[in-house]
Amino acid sequence: MADHWPPAPIRTERLVLRESEARDRPAFIELLGSPEVGAYVGGARPPDELERTPEVPGRRVGVFVVELDGAMIGTVMLERRNLGPKDRVRPERGEVDLGYLFLPKAWGYGYAAEACAAALDWFAGACPGEPIVLVTQSANDRSMRLAEKLGFVEETRFEAFGAEQWFGVWFPGHAAQAERLADRHPGANHRGTAEG
């Protein structure tokens, strides 16, 4: 993955994606302590753990604060890690995984799709041709819809953390994605690949 941040914050129609700052700490604590946010990612973090949150939380390459009207509403992460099924062949350094967490008050407005699409565009420019993976519980309807909207294609499902997990892959460029899908699943209808 690119070892640098974009030279400036990424701006979308309504949002800004940027590095974390000290002013984001209360929003990070709210986000990580929320039972609604934690429902499909292992639960809310306990208060004593949240008290140890660093002054500037989440500051590392690939972790974006999502800001709306000057306030943090969520985070989008592009991190190299191995979250998929154990039998998946991975690049030596691991695959880049897309993750996202948004405060419940920001749900239902399309902010996650807008922010994730901007992060994927940045990544495609910084690391041309490299795919991104996404793992989510198949029971997480919102996350499943977002994955489809962004153009992720199911590779497999597997059991982990006591639940069925959905594992999808996104390839930069709609033509490359459509070609890969046609090779993998001849004759299938692949919604979501043209819209991205």
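Summary of the structure given here. (Residues numbered from 1 in each chain as written. Predicted model: local features only at pLDDT ≥ 70, side-chain atom pairs only at ≥ 80, totals over all residues. Heavy atoms only, no water.)

Along strand β4 (residues 71-81), eight of the eleven residues are buried, which leaves the element largely enclosed by surrounding structure. In this structure, strand β3 (residues 63-68) lies alongside β4, joined through six bridges in antiparallel fashion. Bridging across to β4, L68 finds its partner in A71. Connecting β3 to the next strand, β4, in antiparallel fashion are two residues, including D69 with a positive phi near 50°. Across eight bridges, the pairing between β4 and strand β5 (residues 95-102) is antiparallel. Paired with L78 across the two strands is L98, which belongs to β5. (Buried < 20%, exposed > 50% of the residue type's maximum accessible area, 1.4 Å probe, protein only. Helix = DSSP H or I, 4+ residues; strand = E, 2+ residues; numbered from the N terminus. Pairing = 2+ DSSP bridges.)

One can find Q137 in strand β6 (residues 132-137). According to the relative accessible area criterion, Q137 is buried, its value standing at 15%. The residues touching Q137, leaving out its near neighbours within four places in the chain, are Y40, M144, A163, E164 and Q165. (Contact = heavy atoms within 4.5 Å.)

Turning our eyes to something else, we now look at the sheet that holds β5. Taken in spatial order, the eight strands line up as β1-β2-β3-β4-β5-β6-β8-β7 in an open sheet, and their pairing is mixed. Because the sheet does not close on itself, it has two edges, and the strands there are β1 (10-11) and β7 (153-160). Where helix α1 (residues 25-33) meets the sheet, its contacts fall on β3, β4 and β5, and the angle it forms with β4 comes to roughly 70°. (Axes fitted to C-alpha atoms, helices over the stretch in contact; angles between N-to-C directions.)

Quick look at the packing of helix α4 (residues 111-126) against helix α5 (residues 141-150) now. Closest axis-to-axis distance for the α4/α5 pair is 10 Å, and the angle between their directions is 45°. In terms of axis orientation, α4 runs oblique to α5. For the element pair α4 and α5, the recorded crossing hand is right-handed. The segment α4 lies against α5, with A112, A113, C116, A117 and L120 engaging L146, K149 and L150. Residues that form the contact of α4 with α5 fall into these classes: seven nonpolar, no polar and one charged. (Parallel < 35°, antiparallel > 145°, perpendicular 65-115°, else oblique. Left-handed = near helix turned anticlockwise from the far one by under 90°. Nonpolar A, V, L, I, M, F, W, Y, C, P; charged D, E, K, R; others polar.)

A few words on α5. Taken together, the buried positions of α5 are S143, M144, L146, A147 and L150. Projection of α5 onto a plane perpendicular to its axis shows the buried side chains occupying an angular sector of 160°, all on one side. In α5, the exposed positions angled more than 90 degrees off the buried face are occupied by R145 and K149. (Arc of directions from axis to C-beta.)

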